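Spelled out, the chains give:
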Amino acid sequence: MKRFIHLFVVGCLGAMLAGPVWSQNDPGNGNGPGMGRGQGQGQGMGRGRGMGRGLGAGRQASENGPASGHDEQAGGQHGHDDRHDADREVFQFLLQNHEQITRTVKELPNGVETLTESNVPEIADKIKEHVEWMEYRIENTNPIRMRDPLFAEIFRHTDKIKMVHEDTEKGVKVTETSDDPYVAKLIQAHAKTVSGFVEHGFAEAMKNHAVPMDAPAKKLTPTSPVIAGHGSVVQLPNAAMQPRSGTKLLVDVTRGGDPAKLNTAIENVAKYLNIYAGGGAKPADAKIAIVFHGGATLAVLNPEAYAKRFGTSENPNLNLLKQLHEADVEMYVCGQSLTSLGGDPEDVVVFVETAVSALTAVVNLQADGHAYLPLGN
């Protein structure tokens, strides 16, 4: 059976094992006769493709129990769907029996030609079943194994991939090509990865796989989108734990240092602002407050008071503190620490407020919903 599709599919053989990617909930809706894809009754009970686009009644209840249908997910995003359990069992089965699977890969100028087979009829059937369902997922834009860099990159270019697959007596023959040289390299790298699944089984499925080295250069250029010249960050739009708008952060600064140099904790706060403004896929609003006490108390003195106290020509912290103030960072200094060190609230720079104590400032800000982050020595 030959089909042209403009998407990547075959030979994943268990690539998705490293974590759940689908969910299966509704019993009794599989890929059986009368509701599958295409005309007629397909291959018979349980595996047939019948009339229409649905996924019919039961892809074989056998050892897996009642199978369920596949509902396309909103936006075509990877995640849990109704086919998860059945597909996972197929992947596990193929990995468990990888030593009885043979695979050859022929590199073409624009892709690969692969042959994946087994002399064991049950394993050969599972190979075909796997490819059939992977084709369905690709046709419905439901990517898999998106935590693996190579697979994630391939699924970003599926519109540039052409595939022909043909069932053989013992498995599947596939030709995957692309007119884009970079995508052709991705196809070849994927083919090598799948051969690793066949050779090593579960051990290979637990790995992430790198994008080819000749991928288009993606330079991670440091920038300082809010606080110029301080706390530079790189943008990581596809990384986990993206910055969330509405974040409230309390930075409890007790770190001291050389009075002739910028306090490094203040530099850290500049980085936090830049992370929320430019470290993720899109800018995220964040409200940041700083409480100075302990060894950091005197970092907020005005120029004259600071110079008198430390014998310097200026306060090296003031330029950055001013930038933080202009970026709407709230700043407080502990009044108890200040006076115990011989200072006076009048000595504090005008844009830093003197609080009754660090204790009350921290408690009040946390009560207002700020997450607590200490910066000590």
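Residues numbered from 1 in each chain as written. Predicted model: local features only at pLDDT ≥ 70, side-chain atom pairs only at ≥ 80, totals over all residues. Heavy atoms only, no water.

(A) Structural view of the packing of helix α6 (residues 264-278) against helix α8 (residues 318-326). α8 packs onto α6 with a crossing angle of 30° between their chain directions and a minimal axis gap of 10 Å. Considering their axes alone, α6 and α8 lie roughly parallel with respect to each other. Relative to α8, the crossing made by α6 is left-handed. Contact with α6, carried on its side by Ile266, Glu267, Val269, Ala270 and Leu273, involves Leu320, Leu321 and Leu324 of α8 and no other residues of that element. (Axes fitted to C-alpha atoms, helices over the stretch in contact; angles between N-to-C directions. Helix = DSSP H or I, 4+ residues; strand = E, 2+ residues; numbered from the N terminus. Parallel < 35°, antiparallel > 145°, perpendicular 65-115°, else oblique. Left-handed = near helix turned anticlockwise from the far one by under 90°. Contact = heavy atoms within 4.5 Å.)

(B) Spatial organisation of unusual backbone geometry. Located in the positive-phi region is methionine 241, a residue other than glycine, with phi close to 55°. Tracing the backbone shows methionine 241 in the loop between α5 (202-205) and β6 (247-253). For methionine 241, a relative accessible area of 77% translates into the label exposed. The backbone of aspartate 328 sits at a positive phi, close to 70°, despite the residue not being glycine. When you line up the elements, aspartate 328 lands in the loop between α8 and β8 (330-334). Residue aspartate 328 is classed as exposed on the basis of its relative accessible area, which comes to 65%. (Buried < 20%, exposed > 50% of the residue type's maximum accessible area, 1.4 Å probe, protein only.)

(C) How the structure looks around the packing of aromatic side chains. Evaluation of the coordinates by the stated rule reveals 1 aromatic pair. The ring centre of phenylalanine 93 lies 5.9 Å from the NZ or CZ of lysine 126, which sits over that ring. (Phe/Tyr/Trp six-rings, centres within 6.5 Å; stacked < 30°, edge-to-face > 60°. Lys NZ or Arg CZ within 6 Å of the ring centre and 35° of its normal.)

(D) Local environment of the sheet that holds strand β7 (residues 286-292). Judged by pairing direction, the sheet is parallel, and its 5 strands sit side by side in the order β9-β8-β7-β6-β10 without closing on themselves. With one partner strand each, in any of the chains shown, β9 (353-355) and β10 (371-375) form the two edges of the open sheet. In this sheet, adjacent strand axes meet at a mean angle of 25° when their direction is disregarded. Across 5 bridges, β6 lies against β10 in parallel orientation. Counted as the bridge partner of aspartate 252 is proline 374 from β10. Here α6 sits on the sheet and contacts β6, β7 and β10; the angle it forms with β7, its principal contact strand, is near 170°. Along the sheet face, helix α10 (residues 358-367) touches β6, β7, β8, β9 and β10 and points at about 165° away from the line of β7. (Pairing = 2+ DSSP bridges.)

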